[in-house]
Amino acid sequence: MGRLIKNNYSNTALLKDLMTTPPMTAKQHADIMRKRIEHRRMLEEAKELKTASEDVFEQL
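Anyway, here's the lowdown on the structure attached to this text.

Criteria and thresholds
Residues numbered from 1 in each chain as written. Predicted model: local features only at pLDDT ≥ 70, side-chain atom pairs only at ≥ 80, totals over all residues. Heavy atoms only, no water. Helix = DSSP H or I, 4+ residues; strand = E, 2+ residues; numbered from the N terminus. Buried < 20%, exposed > 50% of the residue type's maximum accessible area, 1.4 Å probe, protein only. Patch = residues over 30% accessible without salt bridge, like charges linked within 9 Å, V, L, I, M, F, W, Y side chains within 5 Å. Areas by Shrake-Rupley, 256 points an atom, 1.4 Å probe, with all protein chains shown as cover. Salt bridge = Lys/Arg side-chain N within 4 Å of Asp/Glu carboxyl O.

### Considering the overall build of the protein chain
In step 1: Scanning the protein chain for helices and strands turns up two helices and zero strands.
In step 2: Counting all 60 residues of the protein chain, 0% fall into the buried class.

What follows is the structure, encoded as structure tokens:
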């Protein structure tokens, strides 16, 4: 199965809106990063469980 490519061009925000909004705070950034890490760990665990279950079926 190939890797899914993330579409980086789906953001339809106007340039003016992007340039005039204040930058995110350190707390906001930390929250976003925590969610990304949590999501990545869930995916990794799911992949490990899948390969472990496939190994069990191969041994039978």
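### Some words on a nonpolar patch on the surface
In step 1: On the surface, Leu 15, Leu 18 and Met 19 cluster together into a nonpolar patch covering about 360 Å² of accessible area.
In step 2: With a relative accessible area of 60%, Leu 15 lands in the exposed category.

### Concerning the pattern of salt bridges
In step 1: Inspection of the entire model under this criterion finds three salt bridges.
In step 2: Note that Asp 31 and Lys 27 form a salt bridge whose closest N and O atoms lie 3.2 Å from each other. A residue pair is termed a helical-turn pair when its members lie 3 or 4 positions apart in one helix, as Asp 31 and Lys 27 do in helix H2 (residues 26-59) at four residues.
In step 3: Classification of Asp 31 as partly exposed rests on a relative accessible area of 28%.
In step 4: A salt bridge links Asp 31 to Arg 34, with the nearest nitrogen and oxygen atoms 2.8 Å apart. Of the two residues, Asp 31 and Arg 34 are both situated in helix H2; the distance of three residues between them amounts to about one turn of the helix.
In step 5: Relative accessible area serves as the criterion here: at 51%, Arg 34 is assigned to the exposed category.

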